[in-house]
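So the chains spell out like this:
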Amino acid sequence: MDVNAAVAAAAAIAGVCTGVIAMLAFRWSERDQKRPTRTSLHTDAVLPPGVDTVLSVLRSSAVVLDEADSVVKASSAAYALGLVRGGKLAVEPMLQMARDTRRDGEIRQVELDLPRRGTGRGDALAVSARVAPLGSRLVLLLVEDLTEARRIEAVRRDFVANVSHELKTPVGALSLLSEAVMDAADDPEAVERFAGRMQNEATRLTNLVQELIDLSRVQNDDPLEDAEPVRVDELVAEAIDRCRHQAGTKQITMAAGGTADLHVWGNRGQLAAALGNLVENAVNYSPARTRVGIAARRVNAPGGDLIEVAVTDQGIGISDKDKERIFERFYRVDPARSRATGGTGLGLAIVKHVAASHGGEVTVWSSEGQGSTFTLRLPEAGATRDRGAGHGPGREGAYQGARPDDTTAYEPIPAAPEVLP
């Protein structure tokens with residue numbers, strides 16, 4: 001009897017101990033679940049209310065650092081710029097700024113040049129970094145990418161410098177020639193010779209000013225606000241007529257062909273100027289007694305049919321290194337030859353802007369000594385009108401990048417040539 005009572009007492013004590021242990025384990029588990037983990041310390045729980053939402057809508061790259069210099073929060077743009085790697089801020093000058101701001105609470109700002117990641121290019125990434133305290137323990141870093149703004153500013157400075165130089169050249173020549181005319185007042189032949197050169201310089205100056213006006217207009221105006229269907233045949237005929245005198249002087253034959261009765265949708269004046277510039281370049285850079293061809297055709301493209309107008313010459317051609325830059329303002333493949341032909345270096349820049357503003361593009365194929373083919377691609381009139389030309393990104397995005405494989409397969413059709421004596 002005593003043995004049975006002892007066993008029962010022992011069992012009861014064991015049961016009580018088990019229950020106590022289980023209850024303690026349960027309580028410990030609850031406390032452990034409620035305890036903040038290392039991961040949760042670096043998420044939204046440590047950020048002041050609303051900060052995460054504000055950071056998500058900022059255009060700048062944002063990084064939040066804690067007192068241990070660990071990254072608490074970083075935007076996707078910060079990762080894209082290479083600011084954050086392995087949970088740490090990877091740019092030492094910015095990290096030092098954050099430490100200084102955490103120490104004294106002062107807001108700091110600096111501009112830095114950072115190497116680009118994985119591009120293999122030598123140019124740097126220009127950024128503006130601003131550091132400010134965020135609460136008592138955190139530091140906020142905002143980084144703005146200034147690379148594109150720097151590039152635009154450099155282009156503007158180069159443009160102003162180039163314009164100044166280009167205008168100074170003919171103006172200076174006119175000044176010197178006028179002095180020469182005054183000194184040769186008693187020599188009729190010299191006066192006539194100097195007057196002819198003055199007329200050439202005045203013509204060059206007039207052309208330069210006009211092309212600057214045209215370039216400014218095509219850059220600032222929307223050509224599709226007052227767009228209309230434009231016959232390609234009429235544009236080709238106008239371009240040929242514009243270059244009739246130059247071609248006749250060099251005994252160059254101009255032949256027009258391709259598909260007839262094509263229409264594009266846009267500003268007639270700008271389109272005529274663009275095609276006229278291409279034909280004029282072809283004539284100016286072609287040797288005497290050669291041929292310039294203008295051919296038009298319709299091609300299928302994913303966003304809608306395109307009209308291609310190709311201008312082919314048998315001129316000096318363009319090297320591979322120059323092809324990438326010929327559409328830049330004031331860039332000349334051969335400066336000496338350009339001045340001899342009266343070129344300003346703005347014609348192809350105007351063509352590029354006109355094509356882009358009409359939702360198209362201009363490309364070039366060329367080989368040195370074999371000539372060049374410039375191809376102007378524009379949306380067909382019906383396709384552009386159906387898509388609501390002139391109303392935002394639908395106009396441009398549908399047509400950019402459409403490039404048929406046979407970009408060089410243009411020969412003027414001899415069945416209907418226009419031969420200039």
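Residues numbered from 1 in each chain as written. Predicted model: local features only at pLDDT ≥ 70, side-chain atom pairs only at ≥ 80, totals over all residues. Heavy atoms only, no water.

The name given to the chain in an unreviewed UniProt entry is Sensor-like histidine kinase SenX3, and the organism recorded there is Streptomyces spectabilis. Entered under Catalytic activity (unreviewed entry) in the UniProt record, the comment concerning the chain runs "ATP + protein L-histidine = ADP + protein N-phospho-L-histidine." The Subcellular location (unreviewed entry) field of the UniProt record for the chain holds the comment "Cell membrane". (UniProt positions renumbered as here; feature names shortened; annotations may be inferred.)

Here a ring pair, both rings aromatic, is described through the centre-centre distance and the interplanar angle of the planes. Enumeration over the complete set of coordinates arrives at one aromatic pair. Between Phe327 and Phe374, the aromatic rings sit 6.3 Å apart at their centres with planes inclined by 80 degrees, giving edge-to-face as the arrangement. With Phe327 in the loop between helix H11 (320-323) and helix H12 (335-341) and Phe374 in strand S14 (residues 371-379), this residue pair connects regions lying 47 residues apart in the sequence. If you follow Arg193 out to its NZ or CZ, it ends over the ring of Phe194, 5.0 Å from the centre. (Phe/Tyr/Trp six-rings, centres within 6.5 Å; stacked < 30°, edge-to-face > 60°. Helix = DSSP H or I, 4+ residues; strand = E, 2+ residues; numbered from the N terminus. Lys NZ or Arg CZ within 6 Å of the ring centre and 35° of its normal.)

This part covers the packing of helix H10 (residues 268-284) against helix H13 (residues 347-357). Look at H10 against H13: their axes get within 9 Å of each other, and the N-to-C directions meet at 140 degrees. When the axes of H10 and H13 are compared, the pair comes out oblique. Two packed elements cross with a definite hand, and for H10 against H13 that hand is left-handed. Together, Gln270, Leu271, Ala274, Asn277, Leu278 and Asn281 of H10 and Gly347, Leu348, Ile350, Val351, Val354 and Ser357 of H13 make up the contact between the two elements. Counted by class, the contact of H10 with H13 contains seven nonpolar, five polar and no charged residues. (Axes fitted to C-alpha atoms, helices over the stretch in contact; angles between N-to-C directions. Parallel < 35°, antiparallel > 145°, perpendicular 65-115°, else oblique. Left-handed = near helix turned anticlockwise from the far one by under 90°. Contact = heavy atoms within 4.5 Å. Nonpolar A, V, L, I, M, F, W, Y, C, P; charged D, E, K, R; others polar.)

With respect to burial, S14 is a largely interior element, nine of its nine residues being buried. Of the two faces of S14, both are covered, the one formed by Gly371, Thr373, Thr375, Arg377 and Pro379 as well as the one formed by Ser372, Phe374, Leu376 and Leu378. Relative to S14, strand S12 (residues 306-312) runs antiparallel, the two sharing seven bridges. Its bridge partner lying in S14, Leu306 is registered against Pro379. Counted along the chain from strand S13 (residues 361-367) to the antiparallel partner S14, the turn is three residues long, and its residue Gly369 has a positive phi close to 85 degrees. (Buried < 20%, exposed > 50% of the residue type's maximum accessible area, 1.4 Å probe, protein only. Pairing = 2+ DSSP bridges.)

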